[in-house]
Structure formats: structure tokens, C-alpha cells
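Chain by chain, the residues:
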Amino acid sequence: MQLLKEKILTNSQIVSDQILRVDSFINHMIDPDVMMEIGREFASRFAGCTVTKVLTVEASGIAVGLTTAMALNVPLLFAKKKMPSTLLHHYYLSNIYSFTKNESVDIYVAKQYLKSHDKVLIVDDFLARGEALKGLTQLVKQAEAELVGIGIVIEKAFQGGGKALRDTGVRIESLVKIQSMEDGKLYLAD
Ligand code: G4P
């Protein structure tokens, strides 16, 4: 996606050889043109998969999820990181370990919103080691729903999560793949 590549090349900052800052257009301030284009691109890549629900995790996944859900004309469901008291026992639960934050969080979705007849497209802003995606795919499994694929805005290919998940047979579409961020330079895959 050319618009996204240009935005990354001109507006991102390399924080370390592992972390890219994109908070001027994706995960703090959001550029609506870029985000709408991202949603349309995922919708077009997964057209024909008869997706019934888009699934993500709060917080940064919500904007990506919303524009994708709008383009596919299906609901967006986002996993919550704190259990709402209204959920009682009627939820699916899994756990995400964040290497970036060195902490583990439980994520929840209400059983009533994820059903065995659902065809689910998971989306998220970053794919690093794949921990968040593993947690989300667990929720889909618990509901016995079908995972049609995963859409990622920025995949940091050098952190291995994408390869590990693809090796399990999951279809992953990344809009931009970063090969490395060594010596303060950004190397995109294509
Ligand atoms: P993983 O899920 O792929 O294993 O990644 P990791 O544990 O490293 O990521 C944890 C959090 O950090 C996620 O957000 C993820 O989106 C974000 N993240 C990972 N790599 C980068 C990066 O290079 N740049 C930025 N800006 N973020 C990165 P989160 O904990 O769910 O936080 P949020 O969605 O509430 O912002």
C-alpha cells in the first residue's frame, strides 16, 4: 500500500532496532485518510472470504478494525483488556504476553458476540512476535468459529511472529513488511 509506505518512510521514527514509532498517524494521533485506505485494502484482500466479523484487541487495533469492518460492512468486535463487571461468566478469555512491555494481560470477549457460525478476520496494527495474535486466535478457537485470516498494518518480519503463525497454516496479509531497522535505517521488504 503506497500511501502507507510513504507515510512510514516520512513520518515514523526508529526508537530502537526493535521499535518503530508511528504515533503521528496510527497509534496515538490517527490519520483518517490512511486509516480508511487501510480498511479498504484489507476488505479488498479478504473479499470473497464471506467475513462475518472483524476481531481485534484494544486499544490501537480498534481504529484499524473499525475501518476494515466498515469496508466489509460487518461488525467489529474488540477484545477487552479489563474484564467488564457486566460480562459475569459469559466470556472467552485468553492471555497475551507483551515482550515490548514485559507484562502479561488477560483479554476477554463476550460469548454472545462470537459464535461458531462466525467467519472471523483478525486485524491489528503491529505484528512482532505474534503474541497478541496468538491470544486472539485462541478466542476464535474457543468459540469454535472459523478464522479466515489475519490483516496486519506493519509486520516486523525480523521478529519472527509472522513466520511462526504462517507455518501453522494461517493466512496473514501484511500491508507493509519491515525487514530490519538496523543502524537507525528502515529497510522495507518490497
Ligand atoms: P506481539 O504481540 O506481536 O508479540 O508484539 P509485542 O508483545 O512486542 O507488542 C506489544 C504491544 O506493542 C502491542 O500493543 C503492539 O501493537 C505494540 N508494538 C509492537 N511492536 C511495536 C512497534 O515497533 N512500535 C509500536 N508503536 N508498537 C509496537 P498493545 O500492548 O496492544 O498496546 P496498545 O494497542 O494498547 O497500544
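Structural data are supplied above this passage.
Everything quoted here is computed from the prediction, not taken from an experiment.

## Some remarks on the packing of helix 1 (residues 2-11) against helix 2 (residues 32-45)
Right, on to step 1. Between helix 1 and helix 2, whose axes approach to 9 Å, the crossing angle comes to 140°. Relative to helix 2, the element helix 1 lies oblique. Between helix 1 and helix 2 lies a crossing whose hand is left-handed. Here Leu3, Leu4 and Lys7 of helix 1 come into contact with helix 2, specifically with Asp33, Val34, Glu37 and Ile38.

## So, the layout of surface pockets
Right, on to step 1. Considered as a void within the structure, the largest pocket measures approximately 810 Å³ in volume.
Right, on to step 2. Within the residue set of the lining of the largest pocket, elements represented by two or more residues are strand 5 (91-98), strand 6 (103-110), strand 7 (119-127) and helix 4 (131-142).
Right, on to step 3. Per element, the largest residue contribution to the lining of the largest pocket is four residues, and it comes from strand 7.
Right, on to step 4. Here the lining of the largest pocket is built from residues that sort into 13 nonpolar, six polar and nine charged.

## Quick notes on the site of the ligand
Right, on to step 1. Close to the ligand lie 21 residues, the nearest being Leu20, Ser60, Thr100, Ala128 and Lys156.
Right, on to step 2. Arg129 has a polar backbone atom sitting 3.1 Å from an oxygen atom of the ligand.
Right, on to step 3. Take Gly130: an N or O atom from its main chain is 2.8 Å from an oxygen atom of the ligand.
Right, on to step 4. Protein coverage of the free-state accessible area of the ligand, which is 710 Å², stands at 85%.

## A look at the nonpolar core
Right, on to step 1. In this structure, Leu4, Ile26, Ile38, Val153 and Ile154 are the most contacted members of the largest nonpolar core, which totals 29 residues.
Right, on to step 2. When contributions to this core are tallied by element, the ones reaching two or more residues are helix 1, helix 2, helix 3 (61-72), strand 7, strand 8 (146-156) and strand 9 (172-180).
Right, on to step 3. Among the elements that line this core, the one with the most residues is helix 2, at four residues.
Right, on to step 4. Non-local contacts of Val153, meaning those with residues more than four positions away in its chain, are made with Leu4, Ile26, Ile38, Phe42, Val64, Asp124, Asp125, Leu175 and Val176.
Right, on to step 5. Counting residues in hydrophobic clusters, the runner-up holds 23 residues, among them Leu55, Leu139, Ala143 and Ala145.

## Section: the sheet that holds strand 4 (residues 76-79)
Strand pairing in a sheet relies on backbone hydrogen bonds. The paired strands run either parallel or antiparallel.
Right, on to step 1. The sheet built from six strands is open, its strands ordered 4-3-7-8-9-10 with mixed pairing. Two strands bound the open sheet, and with one partner strand each, they are strand 4 and strand 10 (187-188).
Right, on to step 2. Judged from the two bridges that link them, strand 9 and strand 10 form a sheet pairing that is antiparallel. Among the inter-strand pairings, Ser180 is bridged to a residue of strand 10, identified as Tyr187.
Right, on to step 3. Its contacts with the sheet place helix 4 against strand 3 (53-57), strand 4, strand 7 and strand 8, and it is angled at close to 165° to strand 7.

## Side note on the packing of helix 2 against helix 3
Right, on to step 1. The contact between helix 2 and helix 3 brings their axes to 7 Å, and the two run at 55°. If you check the angle between helix 2 and helix 3, you find them oblique. As for the relative orientation of helix 2 and helix 3, their crossing is right-handed in sense. Here Met35, Met36, Ile38, Gly39, Arg40, Phe42 and Ala43 of helix 2 come into contact with helix 3, specifically with Ala63, Val64, Thr67, Thr68, Met70, Ala71 and Leu72.
Right, on to step 2. Per-class residue counts for the contact of helix 2 with helix 3 are ten nonpolar, three polar and one charged.

## Let's talk about the pattern of salt bridges
Right, on to step 1. Under the counting rule described, the total for this entry stands at ten salt bridges.
Right, on to step 2. Residues Asp31 and Lys7 are paired through a salt bridge, measuring 2.9 Å at the closest nitrogen-oxygen approach. Remark: Lys7 occurs in helix 1 and Asp31 occurs in the loop between strand 2 (20-21) and helix 2; sequence separation between them is 24 residues. Residues Asp31 and Lys7 agree in their burial class; the two are buried.
Right, on to step 3. Counted as one network, the salt bridges with shared partners bring together Glu41, Arg45, Arg171 and Glu173.

The rules behind the values
- Residues numbered from 1 in each chain as written.
- Predicted model: local features only at pLDDT ≥ 70, side-chain atom pairs only at ≥ 80, totals over all residues.
- Heavy atoms only, no water.
- Axes fitted to C-alpha atoms, helices over the stretch in contact; angles between N-to-C directions.
- Helix = DSSP H or I, 4+ residues; strand = E, 2+ residues; numbered from the N terminus.
- Parallel < 35°, antiparallel > 145°, perpendicular 65-115°, else oblique.
- Left-handed = near helix turned anticlockwise from the far one by under 90°.
- Contact = heavy atoms within 4.5 Å.
- 1 Å grid on protein atoms, 1.4 Å probe; cavity = no way out; pocket = protein on both sides within 12 Å on 5 of 7 lines; lining within 4 Å.
- Points joined across faces, edges and corners; volume = space filled by probe spheres on them.
- Nonpolar A, V, L, I, M, F, W, Y, C, P; charged D, E, K, R; others polar.
- Near = heavy atom within 4 Å.
- Polar contact = N/O pair within 3.5 Å; in protein donor to acceptor, adjacent residues only side chain to side chain.
- Areas by Shrake-Rupley, 256 points an atom, 1.4 Å probe, with all protein chains shown as cover.
- Core = buried A, V, L, I, M, F, W, Y, C linked by side-chain atoms within 4.5 Å.
- Buried < 20%, exposed > 50% of the residue type's maximum accessible area, 1.4 Å probe, protein only.
- Pairing = 2+ DSSP bridges.
- Salt bridge = Lys/Arg side-chain N within 4 Å of Asp/Glu carboxyl O.

Functional significance is not addressed by these values, which are geometric in nature.
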